[in-house]
Amino acid sequence: MSEDCVFCRIVKGELPSETVYEDDDVLAFRDINPQAPVHVLIIPKRHIPSLADVGPDDTELLGRMLQVAKTLAEKLDIAASGYRVVVNCGRDGGQVVFHLHVHLLGGQLLGRLA
Ligand code: AMP
Ligand code: ZN
């Protein structure tokens, strides 16, 4: 846990969030500033700053985060229409919160990135 990390504070219950999924290792909640009708963040409960910090021991955790994204897409009714999962990494990747998270976005046609 990191004292000054906003997502660690959400995990600890010190900050509110609209939780949509939780298990022993993974938490998912609505983004506070949604960029699409459905915008959920899926995070590990353990503090990992970014994708640049994951190692071979984190392979299962990363797979489970993507599995949660897929399951939530079904639960939140965007599976049929389609959705996007995004991991911003580092400054040029646009990462603002340095606690690893997967964005799940959907509910509208999303613009192309490239
Ligand atoms: P990123 O640019 O990938 O680091 O995205 C960070 C995301 O966290 C942004 O979409 C923010 O809107 C979101 N965010 C920041 N603080 C909170 C919060 N307290 N609860 C929910 N989402 C948050
Ligand atoms: Zn953290």
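Each remark here, short or long, concerns the structure printed above.
Residues numbered from 1 in each chain as written. Chains lettered and ligands numbered in written order. Predicted model: local features only at pLDDT ≥ 70, side-chain atom pairs only at ≥ 80, totals over all residues. Heavy atoms only, no water.

Q: In this structure, what is going on with the pattern of salt bridges? I would like to understand it.
A: When the charged atoms of two side chains lie near each other, side chains of opposite charge can form a pair. Summed over all chains, the structure comprises nine salt bridges. Between K70 and E74 there is a salt bridge whose closest N-O contact spans 3.4 Å. Here K70 and its partner E74 are both found in helix α2 (residues 59-75), four residues apart, which amounts to about one turn of the helix. A relative accessible area of 39% places K70 in the partly exposed class. Via salt bridges that share partners, R9, K12 and E14 belong to a single interconnected network. (Salt bridge = Lys/Arg side-chain N within 4 Å of Asp/Glu carboxyl O. Helix = DSSP H or I, 4+ residues; strand = E, 2+ residues; numbered from the N terminus. Buried < 20%, exposed > 50% of the residue type's maximum accessible area, 1.4 Å probe, protein only.)

Q: Could you clarify how one ought to interpret the site of ligand 1 in this entry?
A: Around ligand 1, the surrounding shell holds 16 residues, and the nearest of these are D31, V96, V97, H101 and H103. Between ligand 1 and N88, the relevant distance is 2.9 Å, taken from an oxygen atom to a side-chain nitrogen or oxygen of the residue. In this structure, an oxygen atom belonging to ligand 1 sits 2.7 Å away from a side-chain N or O atom of H101. For ligand 1, the protein covers 82% of the area, taking 500 Å² as the surface of the free molecule. (Near = heavy atom within 4 Å. Polar contact = N/O pair within 3.5 Å; in protein donor to acceptor, adjacent residues only side chain to side chain. Areas by Shrake-Rupley, 256 points an atom, 1.4 Å probe, with all protein chains shown as cover.)

Q: I would appreciate a short explanation of the pairing of strand β3 (residues 38-44) in the present structure.
A: Two faces belong to every sheet, and in a regular strand the side chains alternate between them. The buried fraction of β3 is high, at seven of seven residues. Both faces of β3 are covered, namely the face carrying V38, V40, I42 and P44 and the face carrying H39, L41 and I43. One ladder, built from five bridges, connects strand β2 (residues 26-30) with β3; its direction is antiparallel. Its bridge partner being in β3, V26 is matched across the sheet by P44. Relative to strand β5 (residues 102-106), β3 runs antiparallel, the two sharing five bridges. Within β5, the residue paired with V40 across the bridge is L104. (Pairing = 2+ DSSP bridges.)

Q: I keep staring at the packing of aromatic side chains and nothing clicks. Help me out?
A: To describe a pair of aromatic rings, you give the distance between the ring centres and the angle between the ring planes. Throughout the structure, instances matching the rule amount to one aromatic pair. Here F7 and F29 contribute two aromatic rings whose centre-to-centre distance is 5.4 Å and whose plane-to-plane angle is 80 degrees, an arrangement assigned as edge-to-face. Within this pair, whereas F7 is found in helix α1 (residues 6-11), its partner F29 is found in strand β2, the two being separated by 22 residues in sequence. The burial state of F7 is the same as that of F29; both residues are buried. (Phe/Tyr/Trp six-rings, centres within 6.5 Å; stacked < 30°, edge-to-face > 60°.)

Q: Which parts of the structure should I look at to understand the nonpolar core?
A: Soluble, globular proteins show a tendency: their nonpolar side chains are buried together. Counting residues in hydrophobic clusters, the biggest one holds 18 residues, and the most contacted among them are V26, A28, V40, I42, M65, L72 and L104. Broken down by secondary-structure element, the contributors of at least two residues to this core are β2, β3, α2 and β5. Among the elements that line this core, the one with the most residues is α2, at six residues. Those residues within four positions of L104 in sequence are excluded, and the remaining contacts are V38, H39, V40, I42, A69, L72, A73, I78, Y83, R84 and V85. F7, I10, L27 and F29 belong to the second-largest nonpolar core, a separate cluster that totals eight residues. (Core = buried A, V, L, I, M, F, W, Y, C linked by side-chain atoms within 4.5 Å. Contact = heavy atoms within 4.5 Å.)

Q: Explanation requested: the side chain of H39 in the structure shown.
A: In this structure, H39 sits in strand β3. A polar contact is formed between the side chain of H39 and the backbone nitrogen of Q35, at a distance of 3.0 Å. In terms of polar contacts, H39 uses its side chain to reach the side chain of H103, at 2.8 Å. Residues contacting H39, with those up to four places away along its chain left out, are F29, R30, D31, N33, P34, H103, L104 and L105.

So far we have only geometry, and geometry alone does not tell us how the molecule works.
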